[in-house]
Amino acid sequence: MKKIVQFGQWGQKHWLQLIIIMSIVMMIFLCAVMVSWLVGYWANALYGMRFELSSCWSGISVVVTGMAGIVALAGACWTKYHTDSKFNSPSGIPPVVNRIIDKGGNVK
């Protein structure tokens, strides 16, 4: 249970890096589907193979839907910073980060 909590805290601290990594992975999947669609298209045209092109369109739509989810997650994360900088601090001054000190004197 402690490892899960530590992983969650790490994820909160490094959310932007996680969003970037997920975006890169989704783009790799999108490129793989597009390449397979292109190969299938040319194989149908040149060699008469029966590659179902609709399967690639389904794959592309799934990858694009996943990327939309990542964009929505990134937008939700940036909303917190936008609200803090626009409404909770004076203009031109960055928001103050509250630090929590536990009983052992550790800063979180």
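Refer to the structure above for everything that follows.
For every chain, the first residue of its written sequence is number 1, and the numbers climb from 1 along that sequence. With the structure being a predicted model, the display of local features is reserved for residues of pLDDT at least 70 and the display and counting of side-chain atom pairs for 80 or more, all residues being used for whole-chain, interface and lining totals. By convention in this description, side-chain values take in all heavy atoms of the structure and omit both hydrogens and water.

> Would you take a moment to explain the overall build of the chain for this structure?
Put simply, DSSP H or I for four residues or longer makes a helix, DSSP E for two residues or longer makes a strand, and each gets a number counted from the N terminus. When helices and strands are tallied, the chain shows three helices and zero strands. Each residue is placed in one exposure class: buried if its accessible area under a 1.4 Å probe, protein chains only, is under 20% of its type's maximum, exposed if it is over 50%, and partly exposed if it falls in between. Classification of the 108 residues of the chain by burial places 16% in the buried group. Partitioning the contacts of the chain with sequence separation of at least 6, the portion at a separation of at least 24 is 47%. The method behind every accessible area is Shrake-Rupley, applied with a 1.4 Å probe, and residues are considered shielded solely by the protein chains displayed. Carbon and sulfur atoms provide 71% of the accessible area of the chain, an area that totals close to 9,000 Å². In this description, contact between two residues means that some pair of their heavy atoms is separated by no more than 4.5 Å.

> Help me understand the nonpolar core, please; the structure alone is not making it clear to me.
Proteins that are soluble and globular tend to have nonpolar side chains buried together. In plain words, nonpolar cores are sets of buried Ala, Val, Leu, Ile, Met, Phe, Trp, Tyr and Cys residues tied together by side-chain atoms within 4.5 Å. Counting residues in each nonpolar core, the largest one holds 11 residues, listed as W15, I19, M26, L30, V33, W37, C56, I60, V63, I70 and A74. Elements supplying a minimum of two residues to this core: α2 (15–47) and α3 (53–87). Among the elements that line this core, the one with the most residues is α2, at six residues. Discounting residues that sit within four places of it in the chain, V63 has contacts with M26, F29 and L30.

> What should I look at first to understand the environment of L18 in this one?
Locating L18 in the fold gives a position in helix α2. Separated by 52 residues in the primary sequence, L18 and I70 place their C-alpha atoms 9.9 Å from one another. Discounting chain neighbours no more than four positions away, the residues touching L18 are W10 and G11.

> Looking at this model, I keep getting lost on helix α1 (residues 2–13). Mind explaining?
Residues spaced three or four apart along an α-helix face the same direction, because each turn holds 3.6 residues. Between the first and last residue of a helix there are one fewer steps than residues, each counted as 1.5 Å, and that sum is the expected span. With 12 residues, α1 should cover 16 Å at 1.5 Å per step; its first-to-last C-alpha distance of 17 Å lies within 8% of that length. In terms of burial, α1 is a largely surface element, one of the 12 residues being buried.

None of the figures reported here should be taken as evidence of function without further support.
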